[in-house]
Amino acid sequence: MKMNDITGTVVAITGASSGIGEATARLLAEHGALVALGARRTDRLDSLVAEIVAGGGRAIACEVDVTSASTVVDFVARTVDAFGRLDVFVGNAGVSSLSPISELDTAGWSSMIDVNLRGVLNGIAAAMPVFQTQGRGHFVTTVSTSGIKIVPTQAVYAATKNAVRTLMEGLRQESTDGVLRTTSISPGYVQTELVDAIADVRIREAAQASMATMGIPAAAVARAIAFAIEQPHDVEIGDLTIRPTRQG
Ligand code: NDP
């Protein structure tokens, strides 16, 4: 089955410098979307923009720290400057500082709350005025199966993801006038860099092993995001779970 035509759809993606965000930008651009790439590692974004442009697509790179509301506002403004509008905001940037609650890694907790929850709120605050002016828009967020099956060491990470899930359902309930679409994508293990920064060696190595043995490619999640975006505006894909077939 072919995708619906998304040519010219303007999509801003946070966390586009690696993993799921990078794969999503690449896939959407291949199908004609105009993509704005946000993250802190601008060297990675610049390489991806060059690759997309070399392939005949259109893309811009913006340095964005999602914990800073002003840089997210600037990201949206630069997207609209470059492409004339904004159709979809993909709040995908995330961090996972996994550890047992008893270890009281308060710095890790703050980082996950700031990036995973506050970062999504900053995206909503930045994109909402544009969506309201246009009379339409689509928020997509990357949540997680961690919030569906709660396992040891992932409680705070899962809490931030479930906070976003709740937020998106609230936004959906407040948006029944047909202007906004909301989509929460819940991936299971996906082969990305997400767990490489976990401080605890045993937890990091266990997560890396799970990713290596059963993780699905980031492109699989990109296809799920593209599926939500390609629907006609009166069709909302609310929640999508996409995990390795072998994941418990
Ligand atoms: P990656 O580590 O590959 O990507 C994370 C992205 O987030 C990077 O582009 C990183 O860019 C960006 N990021 C982190 N902090 C910030 C910040 N403060 N400001 C802006 N960007 C930031 O991991 P994934 O692709 O796996 O993660 C993408 C999303 O998917 C996350 O929300 C994650 O929680 C979620 N997810 C991932 C799963 C998996 O198994 N991989 C499973 C379920 C959900 P930079 O460092 O350049 O700023």
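Let me sum up the structure you'll find in this document. Predicted model, so just to flag it, every value in this text is computed and none were measured. Counting starts from 1 at the beginning of each chain's written sequence and moves along it residue by residue. Residue-level local features of this predicted model are given only where pLDDT is at least 70; pairs of side-chain atoms are given and counted only at 80 or more, and the full residue set underlies all totals for whole chains, interfaces and linings. By convention in this description, side-chain values take in all heavy atoms of the structure and omit both hydrogens and water.

What follows concerns the overall build of the chain. When you go through the chain residue by residue, the secondary structure sums to seven helices and nine strands. Here the radius of gyration uses the C-alpha set of atoms, whereas the globule reference equals 2.2 Å times the residue count to the power 0.38. Computed over the C-alpha atoms, the radius of gyration of the chain is 17 Å, within 12% of the 18 Å expected from 2.2 N^0.38 for a compact globule of 248 residues. With the principal axes as the frame, the chain shows a C-alpha extent of 50 × 40 × 40 Å. Exposed residues in this analysis have more than 50% of their type's maximum accessible area, buried residues have under 20%, and partly exposed residues fall in between, with area computed by a 1.4 Å probe over protein chains only. Each of the 248 residues in the chain was classed as buried or not, and the buried ones make up 51%. Here the analysis covers contacts within the chain between residues at least 6 apart in sequence; of these, 69% occur between residues at least 24 apart. Accessible area for the chain stands at about 11,300 Å²; split by element, carbon and sulfur atoms hold 53% of it. Counted as positive: Lys and Arg. Counted as negative: Asp and Glu, with His and the chain ends omitted from the count. The atoms used to mark charge sites are NZ of Lys, CZ of Arg, CG of Asp and CD of Glu. Of the charged side chains in the chain, 20 are positive and 25 negative; the average position of the first set lies 5 Å away from that of the second. By the criteria applied, helices consist of DSSP H or I runs no shorter than four residues and strands consist of E runs no shorter than two, each listed in order from the N terminus. Residue contacts follow a heavy-atom distance rule, with two residues in contact if any of their heavy atoms lie within 4.5 Å. Every accessible area reported is derived by Shrake-Rupley at a probe size of 1.4 Å, with residue values counting cover from the shown protein chains alone.

We now examine the packing of helix α1 (residues 19-30) against helix α2 (residues 42-54). To define axes, lines are fitted to C-alpha atoms, for helices over the stretch in contact only, and angles between the resulting N-to-C directions are given on a 0 to 180 degree scale. Remark: α1 packs on α2, axes separated minimally by 10 Å, with the N-to-C direction vectors making an angle of 15°. By the angle between their directions, the pair α1 and α2 is classed as roughly parallel. For the crossing formed where α1 meets α2, the hand is right-handed. Across the interface between the two elements, E22, A25, R26 and A29 of α1 pack against L48, E51 and I52 of α2. Under the grouping applied here, Gly and all other residues not named as nonpolar or charged are polar, the nonpolar ones being Ala, Val, Leu, Ile, Met, Phe, Trp, Tyr, Cys and Pro and the charged ones Asp, Glu, Lys and Arg. Among the residues making up the contact of α1 with α2, the classes are represented as four nonpolar, no polar and three charged. Should an angle fall under 35 degrees it is taken as roughly parallel, and over 145 as roughly antiparallel, whereas 65 to 115 is taken as roughly perpendicular and any remaining angle as oblique. Here a crossing is taken to be left-handed if its near helix is turned anticlockwise relative to the far helix by less than a right angle, and right-handed if that turn runs clockwise.

Before going further, it helps to spend a moment on the nonpolar core. Counting residues in hydrophobic clusters, the biggest one holds 35 residues, and the most contacted among them are V11, L28, V35, L37 and I229. When contributions to this core are tallied by element, the ones reaching two or more residues are β1 (10-14), α1, β2 (34-39), α2, β3 (58-63), β4 (88-91) and α7 (218-230). Looking at which element gives the most residues to this core, the answer is α7, with eight residues. Discounting chain neighbours no more than four positions away, the residues touching I229 are I6, T9, V11, L28, V88, H138, V140 and R181. Each nonpolar core is a collection of buried residues, namely Ala, Val, Leu, Ile, Met, Phe, Trp, Tyr and Cys, held together in the definition by side-chain atoms within 4.5 Å.

The salt bridge definition used is simple: a Lys or Arg side-chain nitrogen within 4 Å of an Asp or Glu carboxyl oxygen. Going through the model one piece at a time under the given rule, you end up with seven salt bridges. Its salt-bridge partner being R26, residue E51 comes within 2.6 Å of it at the nearest N-O pair. Here the residue E51 occupies a position in helix α2, and R26 occupies one in helix α1, the gap between them amounting to 25 residues. Bridged by salt links that share partners, the residues E22, R26 and E51 form one connected network.

Below, the discussion takes up the site of the ligand. Nearness is defined per residue: one heavy atom within 4 Å of the molecule or strand is enough. As a structural note, the neighbourhood of the ligand is formed by 30 residues, with S17, R40, R41, Y157 and T192 the closest of them. A 3.5 Å cut-off defines polar contacts: any pair of N or O atoms within that distance qualifies, except that in protein one atom must be a possible hydrogen donor and the other a possible acceptor, and neighbouring residues in sequence count only when both atoms are side-chain atoms. The separation between a nitrogen atom of the ligand and a polar side-chain atom of D65 is 2.9 Å. N92 is positioned with one of its backbone polar atoms (N or O) 2.8 Å from an oxygen atom of the ligand. Within the complex, 95% of the 880 Å² of free accessible area of the ligand lies under protein.

On to the sheet that holds strand β5 (residues 137-142), then. Two strands qualify as a pair provided DSSP detects at least 2 bridges between them. Strand order across the open sheet formed by seven strands is β3-β2-β1-β4-β5-β6-β9, with parallel pairing between neighbours. With partners counted over all chains shown, the strands left at the sheet margins are β3 and β9 (239-242), one partner each. Across this sheet, the average inter-strand angle for adjacent strands is 15°, counted without regard to direction. Inspection of the sheet shows β1 paired to β4 by three bridges, in the parallel sense. By the bridge assignment for β4, I13 is matched with V90. On the sheet, α1 packs against β1, β2, β5 and β6 (180-187) and is oriented at approximately 165° with respect to β1. Each of β1, β2, β3 and β4 touches helix α3 (residues 69-83); the most contacted strand, β3, lies at about 155° to it.

Shape is all these values report; function is a separate question.
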